[in-house]
Amino acid sequence: MTSDEPRVDPTGIDPAAVDLRLGVMRLARRLRAEREPDGLALGRVSVLDRLERDGPATASALAAAERITPQSMARIVRYLAGAGLIERDQDPSDHRAAILRITEEGRELALCDRRQRDAWLSRAMAAHLTEVERDVLLLAARLMDRLAAA
């Protein structure tokens with residue numbers, strides 16, 4: 001076996017995949033811990049983030065993008081609309097559907113939540129990683145995005 005061949009255990013699983021999964025899970029837990037304890041649930045914030053970043057969308061498009069069921073998305077949309085964080089407009093191409101868009105209040109909440117987690121991550125990276133390690137993480141983040149889209 002050459003040094004560039006992946007290590008594979010008897011089950012056929014590359015140990016690097018296990019290490020990556022564990023590292024991602026630990027980092028995700030740590031980032032969740034940096035959120036306000038009485039803040040909006042993560043699934044709801046994720047929908048606000050997507051609307052803020054990608055613009056208006058239908059509930060079915062959001063459900064597909066978030067990889068959740070339409071029923072779960074309907075509950076999230078009901079909550080966010082009731083809280084005044086998103087608004088519904090009639091879809092001009094399909095009068096049975098609604099286009100969802102984030103309100104200014106929703107945008108500010110999403111940005112505040114994101115800034116809080118980004119600030120912690122930025123401080124942790126500056127305190128514990130070298131410049132080269134930060135560059136490696138940037139590359140890894142891009143690769144993880146590709147894997148998530150696969």
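Just so it is clear, the structure is predicted and the values come from calculations on it, not from any experiment.

Got a minute to help me understand the overall build of the protein chain in this structure?
When you go through the protein chain residue by residue, the secondary structure sums to six helices and three strands. Starting at the N terminus and ending at the C terminus, the protein chain contains elements arranged as α-α-β-α-α-β-β-α-α. Against the globule reference of 15 Å for 150 residues, the protein chain gives a C-alpha radius of gyration of 19 Å, more extended than a compact globule. Overall, the C-alpha framework of the protein chain stretches about 60 × 35 × 25 Å when taken along its three principal axes. Out of the 150 residues in the protein chain, the part that is buried amounts to 21%. Residue pairs at least 24 apart in sequence account for 49% of intrachain contacts in the protein chain once pairs closer than 6 positions are excluded. Summed over its atoms, the accessible surface of the protein chain is roughly 10,500 Å², and 57% of this surface lies on carbon and sulfur atoms. The protein chain carries 24 positive and 25 negative side-chain charges, and their two centres are separated by 4 Å.

Is there a simple way to think about the pairing of strand E2 (residues 86–91) in this case?
As a general feature of sheets, a regular strand has side chains that alternate between the two faces. Pairing between E2 and strand E3 (residues 94–102): six bridges, direction antiparallel. Its bridge partner being in E3, Glu 87 is matched across the sheet by Arg 101. Between E2 and E3, which follow one another and run antiparallel, lie two residues.

For this particular structure, what's the right way to read the nonpolar core?
Note on soluble globular proteins: their nonpolar side chains tend to be buried together. Formed by 17 residues in total, the largest nonpolar core has its most connected members in Val 47, Leu 48, Leu 51, Leu 62, Met 73, Leu 80 and Ile 86. Going through the elements one at a time, helix H2 (42–54), helix H3 (59–66), helix H4 (70–82) and E3 are the ones with two or more residues in this core. Here Ile 86 is in contact with Leu 48, Leu 51, Val 77, Leu 80, Ala 81, Leu 100, Arg 101, Ile 102 and Thr 103, once residues within four sequence places are set aside.

Looking at this model, I keep getting lost on the sheet that holds E3. Mind explaining?
The strands that make up a sheet pair up through hydrogen bonds in the backbone, lying either parallel or antiparallel. The three strands lie next to each other as E1-E3-E2, forming an open sheet whose pairing is antiparallel. At either margin of the open sheet sits one strand with a lone partner, and together these are strand E1 (57–58) and E2. With respect to the sheet, H4 is in contact with E2 and E3, its orientation differing from that of E2 by roughly 115°.

Would you explain the pairing of E3 in this entry?
Bridge count between E1 and E3: two bridges; the pairing is antiparallel. Looking at the pairing, Ala 57 lines up with Leu 100 of E3.

Mind showing me how you'd approach the pattern of salt bridges here?
One side chain can pair with another of opposite charge once the charged atoms of both are near each other. Following the criterion strictly, the structure yields 14 salt bridges and no others. Arg 117 serves as the salt-bridge partner of Asp 49, at 3.9 Å between the closest nitrogen and oxygen. With Asp 49 in helix H2 and Arg 117 in helix H5 (residues 104–128), this pair connects stretches of sequence that are 68 residues apart. For the residue pair Asp 49 and Arg 117, the accessibility class agrees, reading buried in each case. Ionic pairing is found between Asp 113 and Arg 117, a salt bridge with its closest N-O pair at 2.5 Å. Of this pair, Asp 113 and Arg 117 are both found in helix H5, four residues apart, which corresponds to roughly one turn of the helix. Take Asp 113 and Arg 117: they sit in the same class, and that class is buried. Within the structure, one salt-bridge network assembled from shared partners comprises Arg 35, Asp 49, Glu 52, Asp 113, Arg 114 and Arg 117.

Help me understand a nonpolar patch on the surface, please; the structure alone is not making it clear to me.
A cluster of nonpolar side chains, Leu 20, Val 24, Met 144 and Leu 147, forms an exposed patch at the surface whose accessible area comes to about 330 Å². Elements represented by at least two residues in the nonpolar patch include exactly helix H1 (15–33) and helix H6 (131–149). Here Leu 20 is to be found in helix H1.

Which parts of the structure should I look at to understand the environment of Ala 98?
Looking at the secondary structure, you find Ala 98 in strand E3. When its relative accessible area of 28% is taken as the criterion, Ala 98 is described as partly exposed. The spacing of Ala 98 and Trp 120 is 22 residues in sequence and 36 Å in space, taken between C-alpha atoms. Aside from chain neighbours lying at most four places away, what touches Ala 98 is Ala 57, Thr 58, Ala 59, Arg 88, Asp 89 and Asp 91.

Conventions adopted
Residues numbered from 1 in each chain as written. Predicted model: local features only at pLDDT ≥ 70, side-chain atom pairs only at ≥ 80, totals over all residues. Heavy atoms only, no water. Helix = DSSP H or I, 4+ residues; strand = E, 2+ residues; numbered from the N terminus. Rg over C-alpha atoms; globule rule 2.2 N^0.38 Å. Buried < 20%, exposed > 50% of the residue type's maximum accessible area, 1.4 Å probe, protein only. Contact = heavy atoms within 4.5 Å. Areas by Shrake-Rupley, 256 points an atom, 1.4 Å probe, with all protein chains shown as cover. Lys, Arg positive; Asp, Glu negative; His and termini not counted. Charge placed at Lys NZ, Arg CZ, Asp CG, Glu CD. Pairing = 2+ DSSP bridges. Core = buried A, V, L, I, M, F, W, Y, C linked by side-chain atoms within 4.5 Å. Axes fitted to C-alpha atoms, helices over the stretch in contact; angles between N-to-C directions. Salt bridge = Lys/Arg side-chain N within 4 Å of Asp/Glu carboxyl O. Patch = residues over 30% accessible without salt bridge, like charges linked within 9 Å, V, L, I, M, F, W, Y side chains within 5 Å.

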